[in-house]
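# Commentary on secondary and tertiary structure
What follows is each chain in one-letter form.
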Amino acid sequence: YFEFKSVMEVPPLNFNDQFVKDLLNGDVEDLSQIKWIFDGKKISKKDLEALKNRIKTMDIPPTASAKFNLNTIDELKKEIERNFDNIFQVQ
């Protein structure tokens, strides 16, 4: 599931809601299926650091961690961080 983002501000508006929706999408079985591609003409890879910080503080429903066979939201957040460069890209 690809999200193409042509934004100048990271994180984009409604990031929390959009990302949680992707996590809870019934067709998504693995984090590698989620791809957010940002327009490299508007932002740089270093701008994605703000997304890492946002994810650390996000409220994610417990059903999301269970969906990915993880015990806690903290485990899910660590897994997202491990897969961050695969999920969030600038091109």
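Parameters and conventions
- Residues numbered from 1 in each chain as written.
- Predicted model: local features only at pLDDT ≥ 70, side-chain atom pairs only at ≥ 80, totals over all residues.
- Heavy atoms only, no water.
- Core = buried A, V, L, I, M, F, W, Y, C linked by side-chain atoms within 4.5 Å.
- Buried < 20%, exposed > 50% of the residue type's maximum accessible area, 1.4 Å probe, protein only.
- Helix = DSSP H or I, 4+ residues; strand = E, 2+ residues; numbered from the N terminus.
- Contact = heavy atoms within 4.5 Å.
- Pairing = 2+ DSSP bridges.
- Right-handed = clockwise from strand over helix to strand, strands pointing away.

This paragraph deals with the nonpolar core. By size, the foremost hydrophobic cluster in this structure holds 25 residues, and its most contacted members are Phe19, Leu23, Leu76 and Phe88. Elements that contribute at least two residues to this core include exactly α1 (15-24), β2 (35-38), α2 (49-57), α4 (73-82) and α5 (84-87). In terms of residues, this core owes the most to one element, α1, which gives 4 residues. Other than its neighbours up to four places away in sequence, leucine 23 contacts Leu31, Ile34, Ile60, Lys67, Phe68, Leu76 and Ile80.

What follows is about the environment of isoleucine 87. As for its position among the elements, isoleucine 87 is in helix α5. In contact with isoleucine 87, other than residues within four places in its own chain, are Phe19, Leu31, Ile34, Lys35, Trp36 and Ile80.

Bringing the pairing of strand β1 (residues 2-5) into the picture now. The side chains of a regular strand alternate between the sheet's two faces. Direction of pairing for β1 relative to β2: parallel, over a ladder of 4 bridges. The residue bridging phenylalanine 2 from the neighbouring strand is lysine 35, located in β2. Crossover handedness for the path β1 to α1 to β2: right-handed.

Another aspect to go through is unusual backbone geometry. Most peptide bonds take the trans configuration, and most residues that are not glycine carry a negative phi. Cis geometry marks the peptide bond from valine 10 to proline 11, where omega comes out at 0°. Residue placement: proline 11 occurs in the loop between β1 and α1. With phi around 60°, asparagine 14 is a residue other than glycine that occupies positive phi space. One can find asparagine 14 in the loop between β1 and α1.

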